[in-house]
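Here are the chains, one letter per residue:
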Amino acid sequence: MRSKIAIVLAILGLLVLGAGIGQRTIWLPPATLTATAPAPSASAPLTVIGPQLLNTRDGQFTMTVKSDGPLQLAVARQDDILGWVGNGAYTEIGGADADFTQLAATSHKGEATVPNPAGSDMWVSEEKADGELSYTWQAPGRGDWALLLSVDGKAAAPTDISITVDNEAGTPWAVPLMIIGSALLALAALMFLIAPNKPKAEVAAGRRTAGRVPSDPATGALEVDKIVASRSAAKQADGPGAPATIDEARKAEADKAGPDKAGPGDDSTDRPDKSSRQDKAAPVQAVVSGDATSALPLMLSKTEPPAASKPSDTTVDPVAVETESSSDSGTSDQADRDQPDNDPSDQDKPDNNKPDDNTPDNNNGGNNIAGENIAGKNKPAKSKPAKDKPGKDQQTEFRAHEGTMGLMNKRVKFTTRCGVALAAVLVAGSLSPAVAADPTTPATSPSATAAATESAPATATAVPSTPGFPALLDSQVQRISSAVAAAVAAGDNAKNAQELEVRVSGMALEARTANYKIRAKVSKQAAMEPVNASTLLAKVVTTTETWPRSSMLVTQGENNALPQLLTLVQASPRENYKLIQATPLLPGQTFPKVDKEGTKELPLDAADGLAMSPADAIAALSDRLTKADSKFKTSFNDSVYIQSVLDTQATILKEAKDASYVFSHKADTGQVVNLRTADGGAMVVVGYNFGIDATSKENANLTVGDDAAVFTGGKETTKGFTLNYAEPVVMHIPPAGSDGKITILSATRNLVGGNFKK
């Protein structure tokens, strides 16, 4: 029964193991999946790949873009790309379907041509290729990102797009099945090995059978009872002349053969007379030959040791025991049949322990002819007898014989079976390949499902993404500042304002244009402070998602005596950042701290949390710069710039004898930048027009300098003149509730125009 179960387990183990191996081989799903965008319904100059696709598998994919010619790819935030697209036509590529075979594609109508998007400041990075582009996505930072594909803004943008991801359809049951199959095979092997041996046919006579111990103690006890009962019946039937033991019967036969066969040590004083043994031999043979149980050892008939016996050591020859226990071959049986009955080595053995050989306690006789069949059938092979010691207990000898033989057999069988079982387990286990973490079957990502279902088309209107993200990353800031510095350097070197227009606007462009004009006619006129991109000391980036956007950089180059505050503004999505103000940080001033992750841009009338709104602060400074006794004098900290302006105005008024002068500081509120600082205050960047209006008294002759003459067309006038100076200022408004005052951080002035009155 146990063998049948083992066969079933082996078959089942092979099937389960094969199923597990098959899942990792012939049934293994493909390592990657590829989804392709369908052909759009209409061509467009732009292709937008939204965050629905980029968030697939947390961005762990490879994208392939094919085109008939050159192509370019730009990376930016989603609202930046949609803001740049504006009213242009574009094709939106969304996430993959549930089977990951097709990407969502939606066509949006709009302008058939757009400007070339290459080189925009909003792009975090750009890549160009010809024919095919293989792109591995990696998000530059937090927030929703997108990709913009184009050729040149006029030709149709590429739409042959595919993405390849690792297949998430893994084989989670492969390893468990292989383990279970291996375990079943190992269990089947163990059951085959530990299956019980079939009992061997009992031998009616022979020394091998006599030397064995009954496997069942109860059966052994029954056989002993049979022996005792048979011997008692034999004694009653034959009378007092019958031998008491088989040993006596054997000795009787030996006496019949003659005294010459008696072994050494055969003392007549220790034996009955020969005639008496001969008289008893015949009936004993009849009785013993007729009793099949007489072939068992006589010592089994002992139930209790004699009172006169003394405990002694028992010496058992393990070699002899093992020989008797394992001699089951036909060769040993033939040797048993060829052994003569009157073996001299078994007939006469000295025994000095007992006065009477006829007693059942004769250990020598019991040990030497324990399994001898008097009838002559299956005579046992000669075996080395165990030597008895005085006072030896036959029951103790039987137990010692049984323990030695059984212990040795059990140890040999147990060791063999354990070794074979271990080998079977190792062999079965080797069939299961060691499987480490499979890189082709990554863990399921929740974003993959979301990307496959969220395929709603986005609109071209820039919708704010997650608030709080900086509009520019560090790489963009460095790139923009370098571009601005290069444009300014080119304009300064060529003294050509047209070189500035790509990166400079507002008051910065006005001041440098005037400087170039003056320097063209006045050789001694100094150039303006150069603009440098390095070293970048500080930066302020807004988190505004709409336009215009602004940023402020603090740089200081080798040719800058003081750090410069560069204010940049992006007027619209398709325009680049341009420099609108460049002012030196005033001596003794410290640039306020700002949030590194971006700051909020405030409107002009924002008074919440500020000691004064930006609009009120601009008006207060205008009054403070114009009047020495301004009512806002206490609202400002002492400033070298304010004092310089007041001193200049006072000097002009003091020296004016033939003219009257009027001073003004009018703010240009069209390009004001208000940035929140870390302390809760705000930085305000504003440009003033510092005007000097002179009117001649009684047609007195008034003279202007060489620089002003470039704009007025002459140096003298009798009517009067007006001069205009660009006056950019950066001030800090403290937070509400603080004891601080408004501080002028940076300011300068440059002549930008003038004329004579008519």
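Quick caveat: nothing in here was measured; it's all calculated off a predicted structure.

Cut-off values and rules
- Residues numbered from 1 in each chain as written.
- Predicted model: local features only at pLDDT ≥ 70, side-chain atom pairs only at ≥ 80, totals over all residues.
- Heavy atoms only, no water.
- Helix = DSSP H or I, 4+ residues; strand = E, 2+ residues; numbered from the N terminus.
- Buried < 20%, exposed > 50% of the residue type's maximum accessible area, 1.4 Å probe, protein only.
- Contact = heavy atoms within 4.5 Å.
- Pairing = 2+ DSSP bridges.
- Axes fitted to C-alpha atoms, helices over the stretch in contact; angles between N-to-C directions.
- Parallel < 35°, antiparallel > 145°, perpendicular 65-115°, else oblique.
- Left-handed = near helix turned anticlockwise from the far one by under 90°.
- Nonpolar A, V, L, I, M, F, W, Y, C, P; charged D, E, K, R; others polar.
- Salt bridge = Lys/Arg side-chain N within 4 Å of Asp/Glu carboxyl O.
- Expected span 1.5 Å × (residues − 1).
- Phe/Tyr/Trp six-rings, centres within 6.5 Å; stacked < 30°, edge-to-face > 60°.
- Arc of directions from axis to C-beta.

Caption draft 1: Focus on the environment of Ala561. Locating Ala561 in the fold gives a position in the loop between strand E10 (549–555) and strand E11 (564–570). Classification of Ala561 as exposed rests on a relative accessible area of 68%. With near-sequence residues (within four places) excluded, Ala561 lies in contact with Glu529 and Gln556.

Caption draft 2: Here's a closer look at the pairing of strand E2 (residues 46–49). Neither face of E2 is left uncovered, since the one carrying Leu46 and Val48 and the one carrying Thr47 and Ile49 both have all their residues buried. As judged from the 4 bridges shared by E2 and strand E4 (residues 90–96), these two strands associate in the parallel manner. Bridging from a neighbouring strand, Leu46 pairs with Tyr90 of E4. Alignment of E2 against strand E7 (residues 145–150), held across 4 bridges, turns out to be antiparallel. The residue bridging Thr47 from the neighbouring strand is Leu149, located in E7.

Caption draft 3: Geometry of the packing of helix H15 (residues 474–494) against helix H16 (residues 506–521). Taken N-terminus to C-terminus, the directions of H15 and H16 make an angle of 20°; their axes are 10 Å apart at the nearest point. Relative to H16, H15 is oriented roughly parallel. In the packing of H15 onto H16, the handedness of the crossing is right-handed. Here Val488, Gly491 and Asp492 of H15 lie close against H16, whose contacting residues are Arg512, Tyr516 and Arg519. Considering only residue class, the contact of H15 with H16 consists of 2 nonpolar, 1 polar and 3 charged.

Caption draft 4: Inspection of the pattern of salt bridges at higher detail. As enumerated under the stated definition, the model contains 10 salt bridges in all. In this structure, the salt-bridge partner of Asp492 is Arg512, at a minimum N-O distance of 3.0 Å. Here Asp492, found in helix H15, pairs with Arg512, found in helix H16; they are 20 residues apart in sequence, far enough to count as distant. Judged by relative accessible area, which is 19%, Asp492 ranks as buried. Three or more residues joined by partner-sharing salt bridges are found here, namely Asp79, Asp80 and Arg549.

Caption draft 5: Molecular detail of H16. Between its terminal C-alpha atoms H16 stretches 24 Å, which fits the 22 Å expected from 16 residues at 1.5 Å a residue. Here H16 has its buried residues at Met507, Ala508, Leu509, Ala511, Arg512, Ala514, Asn515, Tyr516, Ile518 and Arg519.

Caption draft 6: Structural detail: the packing of aromatic side chains. Enumeration according to the criterion identifies 3 aromatic pairs in this entry. Summarising the aromatic geometry, the rings of Tyr661 and Phe721 are spaced 6.4 Å apart at their centres and angled 70° between planes, so their arrangement reads as edge-to-face. Of the two residues, Tyr661 sits in strand E13 (residues 659–676) while Phe721 sits in strand E17 (residues 720–733), which places them 60 residues apart along the sequence. The exposure class assigned to Phe721 is buried, which follows from its relative accessible area of 4%. Ring geometry for Phe690 versus Tyr725: centroids 5.8 Å apart, planes at 35°, classification tilted. One end of the pair, Phe690, is in strand E14 (residues 682–696); the other, Tyr725, is in strand E17, and 35 residues separate them in sequence. Like Tyr725, Phe690 is buried.

Caption draft 7: Geometry of the environment of Ala104. Along the polypeptide, Ala104 turns up in strand E5 (residues 103–108). Here the alpha-carbon distance between Ala104 and Ala35, two residues 69 residues apart in the chain, equals 9.7 Å.

Caption draft 8: Examining helix H18 (residues 640–655) more closely. A rise of 1.5 Å per residue sets the reference length of H18, with its 16 residues, at 22 Å; its end C-alpha atoms lie 22 Å apart and thus fit the reference within 8%. Buried residues of H18: Tyr641, Ile642, Val645, Leu646 and Gln649, and no others. Buried residues along H18 cover an arc of 135° about the axis, so they all sit on one side. In H18, the exposed residues that point more than 90 degrees away from the buried face are Val640, Lys654 and Glu655.

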